[in-house]
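Each chain is listed here by its residues.
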Amino acid sequence: MKIVFALLFFVYLIMSAKAVVIDSISYISETKSEGDFTISNSDGSAPLLVSSTDFPGVKRAFKDLQEDIFKVTGKQPELKIDTLPFSSTVIIAGTLGKSVLIDSLVTKGAVDTSGLTGKWEKFLTQTVKDPLPGIDTALVIIGSDKRGTIYGIYDLSEQMGVSPWYFWADVPIRTRDNIYVKPGIHTKGEPAVKYRGIFINDENPALSG
């Protein structure tokens with residue numbers, strides 16, 4: 001199973017160069033500015049929240065994000081399923097129409113998903129104020145479909161400094177003491193190639209030599 005998700009991330013890396021890149025500038029900072037969302041600092045890492053109704057692959061990728069935050073900062077965030085954490089901030093990931101959490105945010109008008117509906121493998125990453133009871137601010141990753149959400153999660157990992165090549169080529173992970181997300185809506189749009197993939201024979205000897 002780990003190989004399958006690593007392969008999915010590898011495909012994302014290869015095709016991202018051909019995708020329609022809307023947000024090509026890093027949205028991660030190590031210095032906090034007004035409006036930034038704190039993923040991790042000296043006080044710890046923001047907890048993660050996902051819905052049990054979402055796809056198993058999304059929940060698996062979110063657990064990878066939990067591990068990646070720990071690898072980068074040394075501070076592992078708490079991962080919650082359906083249960084709100086005792087924190088004023090939270091990172092939420094979910095698929096439109098599949099995640100109860102995401103759909104509740106859409107219903108209350110906290111997020112605008114008009115740019116996601118009907119799209120292929122697209123995601124939006126944005127900060128949302130007062131998303132849930134007791135939560136002041138949330139960093140929300142929303143996918144138009146299952147792979148859109150998964151790519152959004154792994155995009156955040158890559159932005160933090162976890163190279164998609166760390167599994168395939170042992171690329172060292174850059175460590176940081178602080179991780180902040182700049183305000184705004186961050187996306188890479190839809191892929192230019194609808195059905196993305198690699199042909200193992202074409203990649204030889206790169207994958208075997």
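The shown structure was predicted, so the numbers you read here are calculated from the model rather than taken from an experiment.

### Describing the pattern of salt bridges
Inference 1: Under the counting rule described, the total for this entry stands at seven salt bridges.
Inference 2: Aspartate 68 is the partner of lysine 71 in a salt bridge, and the nearest nitrogen-oxygen pair spans 3.9 Å. Pair noted here: lysine 71 and aspartate 68 are both in helix H2 (residues 56-73), with a separation of three residues, about one helical turn.
Inference 3: On the basis of relative accessible area, lysine 71 is assigned to the partly exposed category, the value being 33%.
Inference 4: Residues lysine 80 and glutamate 78 are paired through a salt bridge, measuring 3.3 Å at the closest nitrogen-oxygen approach.
Inference 5: When salt bridges that share partners are traced, they join Glu30, Arg174 and Arg176 into one network.

### A look at the side chain of serine 51
Inference 1: Tracing the backbone through its elements, the reader meets serine 51 in the loop between strand S4 (48-50) and H2.
Inference 2: With relative accessibility at 1%, the residue serine 51 sits in the buried group.
Inference 3: At 2.7 Å, the side chain of serine 51 forms a polar contact with the side chain of threonine 53.
Inference 4: In this structure the side chain of serine 51 is engaged in a polar contact, spanning 3.4 Å, whose partner is the backbone nitrogen of valine 100.
Inference 5: Excluding anything up to four places from it in sequence, serine 51 contacts Lys59, Ile81, Asp82, Ser99, Val100 and Leu101.

The rules behind these values
Residues numbered from 1 in each chain as written. Predicted model: local features only at pLDDT ≥ 70, side-chain atom pairs only at ≥ 80, totals over all residues. Heavy atoms only, no water. Salt bridge = Lys/Arg side-chain N within 4 Å of Asp/Glu carboxyl O. Helix = DSSP H or I, 4+ residues; strand = E, 2+ residues; numbered from the N terminus. Buried < 20%, exposed > 50% of the residue type's maximum accessible area, 1.4 Å probe, protein only. Polar contact = N/O pair within 3.5 Å; in protein donor to acceptor, adjacent residues only side chain to side chain. Contact = heavy atoms within 4.5 Å.

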